[in-house]
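The primary structure of each chain is shown beneath.
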Amino acid sequence: MAMEPFAIGLTPADYEKHGALVTRRTLSQLQALYTDREAVERQLAEGDPVVYEVYELPHPNDETDLLVNITVLYPGKVGEEPFMTKGHFHAEPDTAEAVIGLSGSGEMLIQRRNGELRRLVVAEGKISYAGGGWSHRVINTGDVPLVFFAVSGANIVHDYDTAARLNFK
Ligand code: PAN
Ligand code: ZN
């Protein structure tokens with residue numbers, strides 16, 4: 001079933017009012033992303049911070065819809081590495097994604113299956129476009145939350161495993 005038409009504000013609060021599903025990812029769930037194991041242990045000994053939140057509009061949608069998520073990626077570091085999203089490829093079909101920065105600043109690391117890596121700026125008022133075949137991970141290089149809107153086809157399957165193996169290195 002296709003999503004109902006809507007027009008709402010482009011903020012996490014407006015998304016929540018519209019019934020968005022909110023997924024919170026904490027450091028303990030994401031610890032495998034970071035290379036500095038001691039820094040991970042030190043931080044987890046003090047608590048388990050929320051690294052990012054994804055606001056996803058309510059399903060059902062069908063494959064002709066669009067996914068129009070907002071992500072809030074908090075500022076922080078683990079050792080020398082900034083807070084980051086897990087990152088994934090789109091599979092079946094491997095279609096593009098556009099990211100529009102709403103506030104804060106950072107980068108989108110994009111990587112092909114053959115290992116080719118590029119970096120795109122993510123910042124308020126900028127659109128960053130990763131075509132099909134590019135996995136994407138966003139990092140917050142600033143000291144305020146990086147809030148961004150991401151749109152892709154709703155027909156994608158998120159492939160986290162291939163991106164984890166390459167790991168944007
Ligand atoms: C984004 C991401 C979101 C969280 O909406 O899903 O920023 O990142 P991870 O999914 O890698 O945890 C997107 O790329 N959607 O396809
Ligand atoms: Zn994506």
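Notes on the structure follow. Small disclaimer: the values here were computed from a predicted structure and weren't measured.

### Some words on the coordination of the zinc ion (ligand 2)
- Around the zinc ion (ligand 2), the protein contributes the donor atoms His88 (NE2), His90 (NE2), Glu97 (OE) and His136 (NE2), which lie 2.1 to 2.4 Å from the metal centre.
- Geometry at the zinc ion (ligand 2) is octahedral, judged from its six donor atoms and the angles of 74 to 174 degrees they form at the metal.
- Here the donor residues of the zinc ion (ligand 2) share one chain and are spaced in sequence as H-x1-H-x6-E-x38-H.
- Under the relative-accessibility criterion, His88 is labelled buried at 11%.

### Quick look at the packing of aromatic side chains
- This structure, assessed with the given rule, holds zero aromatic pairs.
- The lysine or arginine in question, Lys86, covers the ring of Tyr160, its NZ or CZ lying 4.3 Å from the ring centre.
- Arg113 extends its terminal NZ or CZ atom over the ring of Phe89, reaching a point 4.3 Å from the ring centre.

### Overview of the sheet that holds strand β12 (residues 146-153)
- Read across the sheet, six strands follow the order β1-β2-β3-β12-β7-β10 without closing on themselves; strand pairing throughout is antiparallel. Each edge of the open sheet is held by one strand with a lone partner, namely β1 (21-26) and β10 (127-130). For this sheet, the mean inter-axis angle between neighbouring strands, taken without regard to orientation, is 20 degrees.
- Here four bridges tie strand β2 (residues 50-56) to strand β3 (residues 66-73), and the two strands are oriented antiparallel to one another. Paired with Tyr55 across the bridge in β3 is Ile70.

Parameters at a glance
Residues numbered from 1 in each chain as written. Chains lettered and ligands numbered in written order. Predicted model: local features only at pLDDT ≥ 70, side-chain atom pairs only at ≥ 80, totals over all residues. Heavy atoms only, no water. Donors = N, O, S within 2.8 Å, 3.2 Å for Na, K, Ca; no water. Tetrahedral: all angles 85-135°; square planar, octahedral: opposite > 155°, others 65-115°. Buried < 20%, exposed > 50% of the residue type's maximum accessible area, 1.4 Å probe, protein only. Phe/Tyr/Trp six-rings, centres within 6.5 Å; stacked < 30°, edge-to-face > 60°. Lys NZ or Arg CZ within 6 Å of the ring centre and 35° of its normal. Pairing = 2+ DSSP bridges. Helix = DSSP H or I, 4+ residues; strand = E, 2+ residues; numbered from the N terminus. Axes fitted to C-alpha atoms, helices over the stretch in contact; angles between N-to-C directions.

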